[in-house]
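Chain and residue survey
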Amino acid sequence: MEQKEFEILIEELRALPKESEWIEFKKNNYNPQTIGEYISALSNSACLENKEFSYLVFGIEDNTHQITGTSFKPKAEKIGNQEMENWLATQLEPKIDFKIIESEINDKSIVVFQIDATLNRPVSFKGISYIRVGSYKKKLKDHPEKESKIWQKVKNIVFEKEYAIRNI
């Protein structure tokens, strides 16, 4: 992602009135287990909200959406002997794509996890599926109506009407 595209994305996300089912802002709280749970929740919620992506953004204050910066460097983090990105990817089922984008705005570090919406079933992390209810992360099993809607979306996808390649 080019710097200008990154800046536009951050401004669009900051312009939202508050966190939602498909966007989470963090300052520096970067526990790998929690990140994995958020990836599951945000991917599942993006599906329900008809979004192509969801976002976990570090370096932006939750309430004011001010850029505070972060000391989190996910590409340098390791879990055991594995890079954190690989460790997270191996714990997700089904395997979904997510990108980690590290950049700066006004000399303040910002990290964005851009997470694909699930397409064919709920995403779980370490065997547990999560969902967002408003701005809260919850276990999907406690919200069967939302899980049912994810499965119903899968049934309504017509392959021939989908994009072959996006953003061309």
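Everything quoted here is computed from the prediction, not taken from an experiment.

Notes on the overall build of the protein
- When helices and strands are counted, the protein shows four helices and 10 strands.
- Against the globule reference of 15 Å for 168 residues, the protein gives a C-alpha radius of gyration of 16 Å, in line with a compact fold.
- Overall, the C-alpha framework of the protein stretches about 45 × 40 × 30 Å when taken along its three principal axes.
- Looking at the protein as a whole, 43% of its 168 residues are labelled buried.
- Expressed as a percentage of contacts within the protein between residues at least 6 apart in sequence, the contacts between residues at least 24 apart total 70%.
- Total accessible area computed for the protein in this model is approximately 9600 Å², and 47% of it derives from carbon and sulfur atoms.
- Between the centroid of the 25 positive side chains of the protein and the centroid of its 27 negative side chains there is a distance of 5 Å.

Description of the nonpolar core
- Core analysis: the largest hydrophobic core is formed by 21 residues, its most contacted members being Ile35, Ile39, Leu56, Leu88, Phe98, Phe113 and Ile115.
- Listed by contribution, the elements that provide at least two residues to this core are helix 2 (32–48), strand 2 (53–58), helix 3 (84–91), strand 6 (98–105) and strand 7 (108–116).
- No other element matches the five residues that helix 2 contributes to this core.
- The residues contacting Ile115, other than those within four sequence positions of it, are Ile39, Leu42, Ser43, Glu52, Phe53, Ser54, Leu56, Ile96, Asp97 and Phe98.
- In terms of nonpolar packing, the next biggest core, distinct from the first, is built from 16 residues, Ile23, Phe53, Ile67 and Ile110 among them.

Considering the pattern of salt bridges
- The full count for this structure, using the stated rule, is seven salt bridges.
- Among the ionic pairs, Arg132 bridges to Glu19, the shortest N-O distance being 4.0 Å. Highlighted residues: Arg132 in strand 9 (residues 128–133) and Glu19 in the loop between helix 1 (3–14) and strand 1 (23–26), separated in sequence by 113 residues. No difference in accessibility class separates Arg132 from Glu19, as the two residues are buried.
- A salt bridge links Glu93 to Lys95, with the shortest nitrogen-to-oxygen separation between them at 3.9 Å.
- Salt bridges sharing common partners tie together Glu19, Glu24, Lys26 and Arg132.

Describing helix 1
- Taking 1.5 Å per residue as the helical rise, helix 1 with its 12 residues ought to reach 16 Å, and the 16 Å between its terminal C-alpha atoms agrees with that figure.
- Those residues of helix 1 lying buried are Phe6, Leu9, Ile10, Leu13 and Arg14. Taken around the axis of helix 1, the buried residues stretch over an arc of 130 degrees, which confines them to a single face. Exposed side of helix 1, more than 90 degrees from the buried face: Lys4 and Glu12 are the residues found there.
- In this fold, the buried residues of helix 1 make contact with strand 1, strand 2, strand 6 and strand 7.

What counts and how
- Residues numbered from 1 in each chain as written.
- Predicted model: local features only at pLDDT ≥ 70, side-chain atom pairs only at ≥ 80, totals over all residues.
- Heavy atoms only, no water.
- Helix = DSSP H or I, 4+ residues; strand = E, 2+ residues; numbered from the N terminus.
- Rg over C-alpha atoms; globule rule 2.2 N^0.38 Å.
- Buried < 20%, exposed > 50% of the residue type's maximum accessible area, 1.4 Å probe, protein only.
- Contact = heavy atoms within 4.5 Å.
- Areas by Shrake-Rupley, 256 points an atom, 1.4 Å probe, with all protein chains shown as cover.
- Lys, Arg positive; Asp, Glu negative; His and termini not counted.
- Charge placed at Lys NZ, Arg CZ, Asp CG, Glu CD.
- Core = buried A, V, L, I, M, F, W, Y, C linked by side-chain atoms within 4.5 Å.
- Salt bridge = Lys/Arg side-chain N within 4 Å of Asp/Glu carboxyl O.
- Expected span 1.5 Å × (residues − 1).
- Arc of directions from axis to C-beta.

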